[in-house]
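For reference, the chains in residue letters:
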Amino acid sequence: MTPTPGNRTWFKSSRSAQANECVEVYLDDDRVGVRDSKTPGGPELFFTGEQWDRSLAGDVWGR
């Protein structure tokens, strides 16, 4: 994980409609943030682009 950035804009999938039980994502040039849409003031996880790509590919441990 990488340090938390300052001001940021979060978004969720357009397929989530008005549901509040979604994961929200934040993107910038070198990191990806993830949080629970039900608790926007709660914990936020930040990953490098490489870490994010590996997790989407199912290769969380970089093997």
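Residues numbered from 1 in each chain as written. Predicted model: local features only at pLDDT ≥ 70, side-chain atom pairs only at ≥ 80, totals over all residues. Heavy atoms only, no water.

## Describing the pairing of strand β2 (residues 31-36)
Working step 1: Most of β2 is tucked away: 5 of the 6 residues are buried.
Working step 2: Relative to β2, strand β1 (residues 23-27) runs antiparallel, the two sharing 5 bridges. Its bridge partner being in β2, Tyr-26 is matched across the sheet by Gly-33.
Working step 3: Adjacent in sequence and paired antiparallel, β1 and β2 are bridged by 3 residues.
Working step 4: Pairing of β2 with strand β3 (residues 44-48) involves 5 bridges; the strand directions are antiparallel. Among the inter-strand pairings, Arg-31 is bridged to a residue of β3, identified as Thr-48. (Buried < 20%, exposed > 50% of the residue type's maximum accessible area, 1.4 Å probe, protein only. Helix = DSSP H or I, 4+ residues; strand = E, 2+ residues; numbered from the N terminus. Pairing = 2+ DSSP bridges.)

## Remarks on the environment of Phe-47
Working step 1: Looking at where Phe-47 falls in the secondary structure, it is placed in strand β3.
Working step 2: The spatial distance from the C-alpha of Phe-47 to the C-alpha of Arg-31 is 5.4 Å, given a sequence separation of 16 residues.

## Brief notes about the pattern of salt bridges
Working step 1: Inspection of the entire model under this criterion finds 6 salt bridges.
Working step 2: The shortest N-O distance in the salt bridge between Asp-30 and Arg-31 comes to 3.8 Å.
Working step 3: Each member of the salt-bridge network shares a partner with another, and the members are Glu-24, Arg-35 and Glu-44. (Salt bridge = Lys/Arg side-chain N within 4 Å of Asp/Glu carboxyl O.)

## Side note on the sheet that holds β3
Working step 1: If you walk across this open sheet you meet the 3 strands as β1-β2-β3, and the pairing is antiparallel. With partners counted over all chains shown, the strands left at the sheet margins are β1 and β3, one partner each. Neighbour to neighbour, the strand axes of the sheet diverge by 20° on average, direction disregarded. (Axes fitted to C-alpha atoms, helices over the stretch in contact; angles between N-to-C directions.)

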